[in-house]
Amino acid sequence: MHTEVFHKNELLDRESLDKLQAIRLKNTVFQASRSKFYRDQLYHAGIKVADMQTVDDVRRLPFTTKEILRTQYPYGMLALPVEKMNRMHASSGTTGSPTAIFYTKNDVETWGDLVARCMYCVGIRPKDVFQNMSGYGLFTGGLGIHYGAEKLGCCTIPAGAGNSKRQIKLLKDFHVSAIHIIPSYALHLATVFDKLGIDPKSLNLRIAIVGAEPHTEAVRQRIEEIYGIKAYNSYGLSEMNGPGVAFECPEQNGMHIWEDAYLAEILDPKTQEPLPDGEIGELVITTLTREGMPLLRYRTKDLTRFLPGECPCGRVHRRLDRILGRVDDMIILKGVNIYPMQIERVLMEIPEVGQNYLIVLEREGYLDQMRVKVEVKDDYFVEDMRVLKGLQQKIARLLKDEILITPRVDLVEHNTLPTSEGKAKRVEDHRED
Ligand code: AMP
Ligand code: ZN
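Below: a short report on this structure. Along every chain, residues carry numbers that run from 1 in the direction the sequence is written. Here the convention is simple: chains get letters from A, ligands get numbers from 1, in the order in which they are written. It should be noted that, the model being predicted, local features are given only for residues of pLDDT at least 70 and side-chain atom pairs only at 80 or more, the latter also being counted only at that level, while totals for whole chains, interfaces and linings use all residues. Note: side-chain values were computed over all heavy atoms of the structure, leaving out hydrogens and water.

## Quick word on the pattern of salt bridges
(1) Moving on: For this document, the term salt bridge refers to a Lys or Arg side-chain nitrogen within 4 Å of an Asp or Glu carboxyl oxygen. Scanning the entire structure with this criterion turns up 36 salt bridges.
(2) Moving on: Note that Arg326 and Asp328 form a salt bridge whose closest N and O atoms lie 3.7 Å from each other.
(3) Moving on: The rule is simple: take the accessible area with a 1.4 Å probe, protein chains only, and divide by the maximum for that residue type; under 20% is buried, over 50% is exposed, in between is partly exposed. On the accessibility criterion, Arg326 (28% relative accessible area) is partly exposed.
(4) Moving on: Linked by salt bridges that have partners in common, Glu67, Lys301, Asp302, Arg326 and Asp328 make up one network.

Okay, structure coming up:
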């Protein structure tokens with residue numbers, strides 16, 4: 001099969017990838033041991049660099065968690081002196097204090113290469129005008145994607161987040177053909193297009209990279225339909241550089257995690273034992289090329305699975321399924337475990353439902369309740385109470401089929417629920433208020 005690639009490592013066969021991973025794992029453990037933190041950890045675990053012979057030896061290594069990164073804040077995890085560092089980013093830290101990530105000059109380069117590889121893989125080329133609608137600053141979606149796009153050779157517009165009218169003006173004036181956008185913001189922007197009476201399909205757009213937050217296949221389809229483009233899922237996290245960790249290929253069936261740069265495991269979150277392909281567990285990643293701040297077995301808390309089988313695109317790098325959510329995102333209500341994405345999947349398949357929703361958890365007396373606030377498209381938001389009541393009941397019934405409890409459903413007019421320029425906040429928990 002002939003696949004055009006940005007980097008030759010994309011087309012390595014399984015055996016060569018395994019070999020490369022084993023060599024890089026050993027180098028990474030050596031590099032990590034230059035930090036005081038890992039030197040102590042490895043010493044206490046009785047692990048020597050020479051013990052790292054095969055990819056499976058990764059299982060002997062201790063885990064690294066976000067809590068550890070916090071206790072080592074600011075400089076505790078560095079494998080090289082800070083003079084060797086070239087860049088710092090921090091995770092968005094929706095929970096607790098942020099964690100700082102450092103990059104040497106080489107790290108910035110290899111990261112840019114990975115992002116460029118992802119973009120090239122979905123058909124973005126130097127001739128494209130690329131608009132990055134993600135926040136610049138500590139968040140990696142700004143500079144991370146920006147450097148990749150520049151490396152690829154695109155004319156790159158650092159639009160940043162928010163200011164929807166200006167985003168639309170830039171898209172139009174510069175005949176932008178490819179964008180990076182957070183999926184919830186893409187849906188919100190669609191409502192602004194609507195208000196301005198501009199059809200997003202009239203733009204020159206052909207490709208969107210969407211990521212940074214969990215979203216369902218139904219949301220991708222909405223984005224593709226509204227804008228008349230192809231949308232590709234992009235996964236990354238600051239601790240692993242940022243974007244460029246795993247990316248969909250043109251098949252749009254799972255995200256290839258770049259195994260020459262990352263060693264991924266899917267583990268049972270309770271027992272930490274490896275799960276077979278196809279089973280959902282916690283993604284744990286070891287960096288394989290980072291020199292400034294290598295991380296061993298970082299527990300991402302993201303839930304996904306390896307998709308079994310080979311991808312027709314010709315890349316053997318294993319594919320991750322769409323992220324179901326984070327371990328901490330799980331809602332436990334009346335003893336039932338629910339993920340916000342289950343709710344999104346149901347809602348976004350209902351044609352009357354608009355582009356935004358919010359899950360509110362509340363307590364009434366001793367009883368926990370879920371209220372789902374749902375925006376309704378203008379055409380359907382009619383005066384006739386019977387019609388609205390019918391829709392409300394339909395949504396409650398479809399949700400119950402999925403999550404096994406019946407939530408209260410509030411129908412609201414479109415564009416009335418809070419929106420965010422960054423990652424969407426899907427759940428408000430008022431149970432302890
Ligand atoms: P941050 O380090 O602040 O950029 O946040 C990284 C986190 O965002 C990841 O651990 C995931 O929980 C989430 N995330 C990033 N990309 C995606 C994606 N494509 N799908 C689902 N969740 C994502
Ligand atoms: Zn593929």
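More follows now that the structure is in view.
## Digging into the packing of helix α8 (residues 217-227) against helix α9 (residues 340-348)
(1) Moving on: It is at 8 Å that the axes of α8 and α9 come closest, and there the two elements cross at 45°. If you check the angle between α8 and α9, you find them oblique. Every residue of α9 that contacts α8 at Ala218, Val219 and Arg222 is listed here: Glu344, Leu347 and Met348.
(2) Moving on: Following the grouping adopted for this structure description, the nonpolar residues are Ala, Val, Leu, Ile, Met, Phe, Trp, Tyr, Cys and Pro, the charged ones are Asp, Glu, Lys and Arg, and the polar ones are all others, Gly among them. Within the contact of α8 with α9, the residues separate by chemical class into four nonpolar, no polar and two charged. Interaxial angles span 0 to 180 degrees and are taken between N-to-C directions of axes, which are lines fitted to C-alpha atoms, for helices over the stretch in contact. By definition, any uninterrupted DSSP run of H or I lasting at least four residues is a helix, any uninterrupted run of E lasting at least two residues is a strand, and each is numbered from the N terminus. Roughly parallel means an angle under 35 degrees; roughly antiparallel, over 145; roughly perpendicular, 65 to 115; everything else is oblique. Any two residues whose heavy atoms approach within 4.5 Å are treated as being in contact.

## Some points on the pairing of strand β3 (residues 129-132)
(1) Moving on: Burial of β3 is two-sided: the residues Val129 and Gln131 facing one way and the residues Phe130 and Asn132 facing the other way are all buried.
(2) Moving on: A pair of strands is labelled paired if DSSP reports no fewer than 2 bridges between them. Where β3 meets strand β4 (residues 155-157), three bridges bridge the pair, whose relative direction is parallel. Note that in β4 the partner of Val129 across the bridge is Cys155.
(3) Moving on: Crossover handedness is defined by viewing with both strands directed away from the observer: a clockwise path from the first strand over the helix to the second marks the crossover as right-handed. You can see the chain leave β3, run along helix α5 (residues 140-152) and come back into β4, and the turn it takes is right-handed.
(4) Moving on: Summarising the sheet, β3 and strand β5 (residues 178-181) pair through three bridges and their orientation is parallel. Bridge pairing links Phe130 to Ala178 in β5.

## Things to note about the coordination of the zinc ion (ligand 2)
(1) Moving on: Surrounding the zinc ion (ligand 2) are the protein donor atoms Cys249 (SG), His256 (NE2), Cys311 (SG) and Cys313 (SG), at 2.1 to 2.3 Å.
(2) Moving on: Each metal site is built from N, O and S donor atoms within 2.8 Å (3.2 Å for Na, K and Ca), and since water is not included, such sites may look incomplete. Key to geometry: four donors with every angle between 85 and 135 degrees are tetrahedral; four donors are square planar and six octahedral where opposite donors lie over 155 degrees apart and all remaining angles lie between 65 and 115; all other sites are irregular. Here the zinc ion (ligand 2) binds four donor atoms, and the angle range of 104 to 117° at the metal identifies the geometry as tetrahedral.
(3) Moving on: Written as a sequence motif, the donor arrangement for the zinc ion (ligand 2) is C-x6-H-x54-C-x1-C. Each member of the pair, Cys311 as well as Cys313, is classed as buried.

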